[in-house]
Amino acid sequence: MVNLIVGRKGTGKTKLMLDSVNSAVNSEHGNIVFINSGDRHVYQLNYAVRLIDASEYAIKTYREFICFLNGALSQNYDITHIFIDSLLKVVDDNIENLSGFIDEIDKIGNEKNIKFTITISADKSELPENVYKYIG
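The paragraphs below set out a description of the structure included in this document. (Residues numbered from 1 in each chain as written. Predicted model: local features only at pLDDT ≥ 70, side-chain atom pairs only at ≥ 80, totals over all residues. Heavy atoms only, no water.)

1. Quick look at the pairing of strand E5 (residues 115-121)
Burial analysis of E5 places five of its seven residues in the buried class, which makes it a mostly covered element. Sheet analysis places strand E1 (residues 2-7) next to E5, joined by six bridges and oriented parallel. By the bridge assignment, Gly7 is partnered in E5 with Ser121. Direction of pairing for strand E4 (residues 79-84) relative to E5: parallel, over a ladder of four bridges. (Buried < 20%, exposed > 50% of the residue type's maximum accessible area, 1.4 Å probe, protein only. Helix = DSSP H or I, 4+ residues; strand = E, 2+ residues; numbered from the N terminus. Pairing = 2+ DSSP bridges.)

Below, the structure is given as structure tokens:
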């Protein structure tokens, strides 16, 4: 239940994601969450989307981000889709640890029936091969 949108900066990943977020509001029957570092997209999102500025929480590692996500999910059982924009700006961790993080949120998504869509500003060749199966 994880979809990665991967590409260098300026390739249209965020635009694609914002369109997907606003479309999900109309098609999904639950709460939609958009997480990024900063609030620069607040006016581009449908008012029904829950925007979380991760920079307010000083998330350093993928493990901390997993804990953060589990905390959010424990407070709202109606979340059906979580969008994470610019993961490498949200989490200040080594890209080699990305594979374990993606596998962990895929597990969470499957257990709780939640979709995750994540943008990563990097070339596919820079990512661990284990995450290629999640690139959409």
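And the narrative resumes.
2. Some details on the sheet that holds E1
Across a sheet, strands are paired by hydrogen bonds formed along the backbone, either parallel or antiparallel in direction. With respect to topology, five strands assemble into an open sheet ordered E1-E5-E4-E2-E3, the strand pairing being parallel. Edge positions in the open sheet fall to E1 and strand E3 (50-53), since each of these has one partner strand only. Each adjacent strand pair in this sheet contributes to an overall mean axis angle of 15 degrees, direction not counted. Bridge count between strand E2 (residues 31-36) and E4: five bridges; the pairing is parallel. Within E4, the position partnered with Asn31 by the bridge is Ile79. (Axes fitted to C-alpha atoms, helices over the stretch in contact; angles between N-to-C directions.)

3. Description of the pattern of salt bridges
In the structure shown here, the tally under the stated rule is three salt bridges. Between Lys15 and Asp19 there is a salt bridge, with its nearest N and O atoms 3.0 Å apart. With Lys15 and Asp19 both in helix H1 (residues 13-27), this residue pair falls four residues apart, about one helical turn. (Salt bridge = Lys/Arg side-chain N within 4 Å of Asp/Glu carboxyl O.)

Honestly, that's just the spatial picture; any functional story needs more than this.
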